[in-house]
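# Remarks on the overall topology
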Amino acid sequence: MDDGYKQLIDHEMTITNRSSIQEIMAAIRNAKPYEANHPQTRWQCFLVISNTSGVSSIRAAKVFTFKEPQGVTEIDPMCDSLSNNALGDILEKLTGYKSHQ
């Protein structure tokens, strides 16, 4: 994926820690509808979720707008956008992401 956006990390990462997975899934389940107006993307990533039901993937992106200068974490912004800032915080912590504002 090379659409000009900075990737959250530059390699594939597998998360196996049960509490981290539960945090990620709770953040996704608790996402609310959100539509950014002229967003500027800080980073993006694809999450591939694999369980006994199968495999799913979503795109997450940290975006900034005039309305949200501190940033919003969008979930699957290419379709029906949802937002939950907790997901961005979790992913940044797990990957060791350092903001370069």
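Above this text sits the structure in question.
My aim in this report is to walk through the structure given alongside it, one point at a time. Treat the numbers as computed from the prediction; the structure is a model and nothing was measured.

Criteria and thresholds
- Residues numbered from 1 in each chain as written.
- Predicted model: local features only at pLDDT ≥ 70, side-chain atom pairs only at ≥ 80, totals over all residues.
- Heavy atoms only, no water.
- Helix = DSSP H or I, 4+ residues; strand = E, 2+ residues; numbered from the N terminus.
- Contact = heavy atoms within 4.5 Å.
- Areas by Shrake-Rupley, 256 points an atom, 1.4 Å probe, with all protein chains shown as cover.
- Pairing = 2+ DSSP bridges.
- Axes fitted to C-alpha atoms, helices over the stretch in contact; angles between N-to-C directions.
- Expected span 1.5 Å × (residues − 1).
- Buried < 20%, exposed > 50% of the residue type's maximum accessible area, 1.4 Å probe, protein only.
- Arc of directions from axis to C-beta.

### Structural notes on the overall build of the protein
A tally of helices and strands in the protein yields two helices and five strands. Mapped in sequence order, the helices and strands of the protein form the string α-β-β-β-β-β-α. In the protein, the share of contacts with a sequence separation of at least 24, taken over all contacts with a separation of at least 6, comes to 53%. A total of about 7100 Å² of accessible surface is found on the protein, and carbon and sulfur atoms cover 49% of it.

### Focus: the sheet that holds strand E1 (residues 32-33)
As a general point, the strands of a sheet are linked pairwise by backbone hydrogen bonds and lie either parallel or antiparallel. With respect to topology, five strands assemble into an open sheet ordered E1-E5-E4-E3-E2, the strand pairing being antiparallel. This sheet does not close on itself; its edge strands, each paired only once, are E1 and strand E2 (40-51). Sheet strands in contact with helix H1 (residues 18-29) are E2, strand E3 (54-64) and strand E4 (72-75), and its direction is about 115 degrees off that of E2. Contacting E2, E3, E4 and strand E5 (82-83), helix H2 (residues 85-95) crosses the sheet at an angle of about 85 degrees to E2.

### A word on H1
Taking 1.5 Å as the rise per residue, H1 with 12 residues should run 16 Å; its terminal C-alpha atoms sit 16 Å apart, in good agreement. Within the sequence span of H1, burial applies to Ser20, Ile24, Ala27 and Ile28. Within H1, the buried residues cover an arc of 100 degrees as seen down the axis, which keeps them to one side. Pointing more than 90 degrees away from the buried face of H1 are the exposed residues Arg18 and Arg29.

### Quick notes on the side chain of Ser81
Relative to the elements of secondary structure, Ser81 occurs in the loop between E4 and E5. Assessed through its relative accessible area of 16%, Ser81 is described here as buried.

Shape is all these values report; function is a separate question.
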